[in-house]
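The primary structure of each chain is shown beneath.
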Amino acid sequence: MSKIIKIGTRDSELALWQAKIVQSQLEHLGHKTQLVPVKSTGDLVLDKPLYELGITGIFTRTLDIAMLNNDIDIAVHSLKDVPTLLPKGIVQAAVLKRGNVKDTLVFKDNEEFLGSKDAVIATGSLRRRAQWLNRFPTHTITDLRGNVNSRLEKLENSDWNGAIFAAAGIGRIGIRPEDAINLDWMVPAPAQGAIMITALEEDENIRAICAELNHEETEICTTIERDFLNKLEGGCTAPIGALAFIKDEEITFTGVLLSPDGTKRIDVSRVKKLGEHNDVAQYCADFVIERGGKRLMDSIKDADRKTNVYSTKSLTEDQRLLFHEKVKSESTDVVKISLNRIHPRFLKQEIQNVIITSKNAVESLTTNYSAIELQFKNIYCVGRRTKRLVENKIGKVTHTENNAKKLAEYLVEYMEGTEATYFCSDIRLDALPTILSENNIKVNEIEAYQTKYDGVKVNDSVEAVMFYSPSTVESFTQKNNKEIIAFCIGETTAKEAKKHFDDVRVAKVPTVESVIELVNEHYI
């Protein structure tokens, strides 16, 4: 081929070394070549960790553009830096025989700090950070960016105990210090130690030339690792490790997903015969996902998103997972409950009519007394879940309504007798006792629990708030006066919310899940 093959590369010492290896192999096959160095965003922006830059393919994008503009014919990359999905029109043309896959700890002075509670380790990799903290949770990790030489220089001029490098990187350019050890326990990045060549999909001649440089065993192993990464939807912003190797006609795979702080870790391994290995990446990714990986990945993806929905009641993990993907929620209990001791004199004999409007009152009653001691002839409730709790812990409910006002109107019409006992909070709405009193029904109020307002000031990014009772509205507005969308569990809560907010919406049924559904409808 008479055409000069233009080889695109980053201009760091390591990237140029890799490009020259490709150049040497191509020229050995009789081709003319030219190196075309290009700076990438990852080389230019050194004041932030890679995982904070928020760019997919931070070291490859500039070369991709150069190739699509026909400024270069091929690009040479560290395969671990390449996104699992290549830009349209660009394909993997070859993978060279893999080098050392390990991570290496370069240390100062000695290794004694490994047994110490306090140590400072430098790395710009989220994966290395997470695995180190998983093994040494009391150590401190500091960010380290730049090319290999500048990172080694920063280590030398710092008071850090050590820094982590790719063994292949410091080995290839011949600057591995004597004070260095391979971290055999650390799972490397998918495709670590491998050099990859990309080319235009339409350029069949170039692709055919590059195919002669391809190392099949390395291609098989790195493809499995990158497929595992892809199926977990990972990248430079997720702490994912993967390593596959071939021995005795078998492929052994090891994968790991961690939380960024290293406190959570999910491991997976798989051994398959060569030729029967096509399902390894899928099997291992599914294994991780089913054991909490999806939840962990979701939390990592959400970490940099700002909260836009706030719940005034703590949500369970299952409830949180019901939100639409556009919702980033936070939740706390803005109302704290303290159960009261209910004096036995109130329960000496059977009570004909009992009114219970909250689960807190049920908890207070059943904390003080057994179900046998609670002699109630007719029990009237507000809310389906309060009814369910009453029937599970006390006895059959005579009638239930969605809110206190409707229950009061029902009691005026259908209740037996002219007296009712109302187990309530020290803070309660006036509607129910007022309506009953106006209709000559005596209400004996027993304070079953106390309500304490414990609201917090929410972030400016919050644009919607979920309310579950009038008291949650009152507690929230004590600390916040911003205009928000108020998603309410029922009409009574909505009535209080309308005193403070213009946009008030009410759930179809009075459940937390129904309020979540209301939120989701807004964010679709």
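Below: a short report on this structure. Please read all numbers here as calculations on a predicted model, not as lab measurements. Sequence order as written defines the numbering, with residues in each chain counted from 1. Given that this is a predicted model, residues contribute local features only at a pLDDT of at least 70 and side-chain atom pairs are listed and counted only at 80 or more, while totals for whole chains, interfaces and linings are drawn from all residues. The side-chain numbers reported here are obtained from all heavy atoms of the structure, hydrogens and water having been left aside.

As for unusual backbone geometry
Let me state the cut-off plainly: Secondary structure is summarised from DSSP: a helix means a run of H or I of at least four residues, a strand means a run of E of at least two, and numbering begins at the N terminus for each. Buried residues are those whose accessible area, probed at 1.4 Å on protein chains only, stays under 20% of the maximum for their type, while exposed residues exceed 50% and partly exposed ones sit between those limits.
One non-glycine residue, A191, lies in the positive phi region at around 70°. Within the secondary structure, A191 is located in the loop between β9 (180-182) and β10 (195-200). Relative accessible area serves as the criterion here: at 0%, A191 is assigned to the buried category. Not every positive phi belongs to a glycine, and E249 is a case in point at roughly 60°. By the element assignment, E249 lies in the loop between β11 (240-247) and β12 (250-258).

Details of the sheet that holds strand β5 (residues 103-107)
Selection rule: Two strands pair if DSSP finds at least two bridges between them. Fitted lines through C-alpha atoms serve as axes, helices being fitted only where they are in contact, and the angles separating the N-to-C directions of these axes extend from 0 to 180 degrees. For this analysis, residues touch if any pair of their heavy atoms sits within 4.5 Å.
Reading across the sheet, the five strands line up as β7-β6-β8-β5-β9 and stay open at both edges, with mixed pairing between neighbours. The open sheet has two edge strands with one neighbour each: β7 (140-142) and β9. Strand-to-strand, the axes of this sheet are offset by a mean angle of 30°, without reference to chain direction. With two bridges joining them, strand β6 (residues 120-122) and strand β8 (residues 162-166) adopt parallel strand pairing. Residue I121 lies in a different strand from β8, and its bridge partner there is G162. With respect to the sheet, helix α5 (residues 126-135) is in contact with β5, β6, β7 and β8, its orientation differing from that of β8 by roughly 130°.

Some remarks on the packing of helix α14 (residues 404-414) against helix α15 (residues 431-438)
Applied cut-off: These descriptions rest on fixed angle ranges, namely under 35 degrees for roughly parallel, over 145 for roughly antiparallel, 65 to 115 for roughly perpendicular, and the rest for oblique. It is the rotation of the near helix from the far one that decides the hand of a crossing: anticlockwise by less than a right angle makes it left-handed, clockwise makes it right-handed.
Look at α14 against α15: their axes get within 8 Å of each other, and the N-to-C directions meet at 20°. The orientation of α14 relative to α15 falls into the category roughly parallel. α15 is crossed by α14, and the crossing has right-handed handedness. From α14, A404, K405, L407, A408, L411 and V412 reach across to α15, where they touch L432, I435 and L436.

Re the pairing of strand β1 (residues 5-10)
Convention followed: Note on handedness: a clockwise path from strand one over the helix to strand two, with the strands aimed away from the viewer, defines a right-handed crossover.
Of all the six residues making up β1, five are buried; the element is thus mostly covered by neighbouring parts of the structure. A crossover links β1 with its parallel partner strand β2 (residues 33-38), the connecting element being helix α1 (residues 13-28), and its sense is right-handed. The pairing of β1 with strand β3 (residues 74-78) spans two bridges and is parallel. Directly across from G8, in β3, lies its bridge partner A75.

Here we look at a negative patch on the surface
What counts, and what does not: Nonpolar side chains (Val, Leu, Ile, Met, Phe, Trp, Tyr) are joined into patches within 5 Å and like charges within 9 Å, using only residues with over 30% relative accessible area and no salt bridge. Shrake-Rupley sampling with a 1.4 Å probe provides the accessible areas, and residues are treated as covered by the protein chains on show and by no other component. The salt bridge criterion pairs a side-chain nitrogen of Lys or Arg with a carboxyl oxygen of Asp or Glu, the two atoms within 4 Å. The positive count covers Lys and Arg only, the negative count covers Asp and Glu only, and His and the chain ends enter neither. Charge positions come from single atoms, namely NZ of Lys, CZ of Arg, CG of Asp or CD of Glu.
Negative charge collects at one region of the surface, where D109, E111, E178 and D179 lie side by side. With relative accessibility at 81%, the residue E178 sits in the exposed group.

Section: the packing of helix α12 (residues 359-368) against helix α13 (residues 384-393)
The contact between α12 and α13 brings their axes to 9 Å, and the two run at 15°. As far as their axial angle goes, α13 and α12 are roughly parallel. When the axes of α12 and α13 are compared, the crossing they make is left-handed. Taking contact as the criterion, the partners of K359, V362, E363 and T366 in α12 are, on α13, R385, T386, L389, V390 and K393.

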